[in-house]
Amino acid sequence: MSYNKEPVESSNVESVSYDDKTQDLTVTFKRSGSYIYHDVPKSIGNAMPYAESKGKFVWEVLRGKYSYSK
């Protein structure tokens, strides 16, 4: 399931979006802009908006495991 710029409740993350065709997960932070994580499996991309802590999800699930661009 793809979704576009879904606003989320978080102290650090403003919104997330996921494209299941390209498997890109875009995370927009309130202070540092957007990061696009590449080749993220659908199950991880779809779990992001429901994570209890979006910032923790980024640090524990995405960083260091998926390439990204800013």
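Further up the page is the structure itself.
Residues numbered from 1 in each chain as written. Predicted model: local features only at pLDDT ≥ 70, side-chain atom pairs only at ≥ 80, totals over all residues. Heavy atoms only, no water.

Draft legend 1. Structural view of the packing of aromatic side chains. One pass over the full model with this rule turns up three aromatic pairs. Aromatic pair Y37 and Y68: ring centres 5.6 Å apart, planes at 45°, arrangement tilted. Of this pair, Y37 sits in strand β4 (residues 33–37) while Y68 sits in strand β5 (residues 68–69); the two residues are 31 residues apart in sequence, bridging distant segments of the chain. Assessed through its relative accessible area of 1%, Y37 is described here as buried. These aromatic residues form a ring-pair network of at least three members: F29, Y35, Y37 and Y68. The lysine or arginine in question, R63, covers the ring of W59, its NZ or CZ lying 4.4 Å from the ring centre. (Phe/Tyr/Trp six-rings, centres within 6.5 Å; stacked < 30°, edge-to-face > 60°. Helix = DSSP H or I, 4+ residues; strand = E, 2+ residues; numbered from the N terminus. Buried < 20%, exposed > 50% of the residue type's maximum accessible area, 1.4 Å probe, protein only. Lys NZ or Arg CZ within 6 Å of the ring centre and 35° of its normal.)

Draft legend 2. Representation of the environment of S34 in the model. Mapped onto the fold, S34 is located in strand β4. With residues near it in sequence (within four places) discarded, S34 still touches T26, V27, T28, S69 and K70. (Contact = heavy atoms within 4.5 Å.)

Draft legend 3. Summary view of the environment of S32. Assignment of secondary structure puts S32 in the loop between β3 (24–29) and β4. Residues S32 and V13, spaced 19 residues apart in sequence, show a C-alpha to C-alpha distance of 9.5 Å.

Draft legend 4. The pairing of β4, seen in detail. Alignment of β3 against β4, held across five bridges, turns out to be antiparallel. By the bridge assignment, T26 is partnered in β4 with I36. Turn length for the β3-β4 hairpin, with the two strands adjacent in sequence and antiparallel, is three residues. Pairing geometry for β4 and β5, over two bridges, is antiparallel. Residue pairing across strands places Y37 opposite Y68, the latter belonging to β5. (Pairing = 2+ DSSP bridges.)

Draft legend 5. Here's a closer look at the pattern of salt bridges. Overall, the coordinates contain one salt bridge when judged by the stated rule. In this structure, the salt-bridge partner of K42 is D20, at a minimum N-O distance of 3.8 Å. Remark: D20 occurs in the loop between β2 (13–19) and β3 and K42 occurs in helix α1 (residues 42–47); sequence separation between them is 22 residues. By relative accessible area, D20 is classed as partly exposed at 27%. (Salt bridge = Lys/Arg side-chain N within 4 Å of Asp/Glu carboxyl O.)

Draft legend 6. Geometry of the nonpolar core. In this structure, L25, V27, Y37, M48, V58 and L62 are the most contacted members of the largest nonpolar core, which totals 16 residues. Where this core is concerned, the elements lending two or more residues are β2, β3, β4 and α2 (54–62). Beyond its immediate chain neighbours, meaning those up to four positions away, V27 contacts V13, S15, V16, G33, S34, Y35, Y37, M48, V58 and L62. (Core = buried A, V, L, I, M, F, W, Y, C linked by side-chain atoms within 4.5 Å.)

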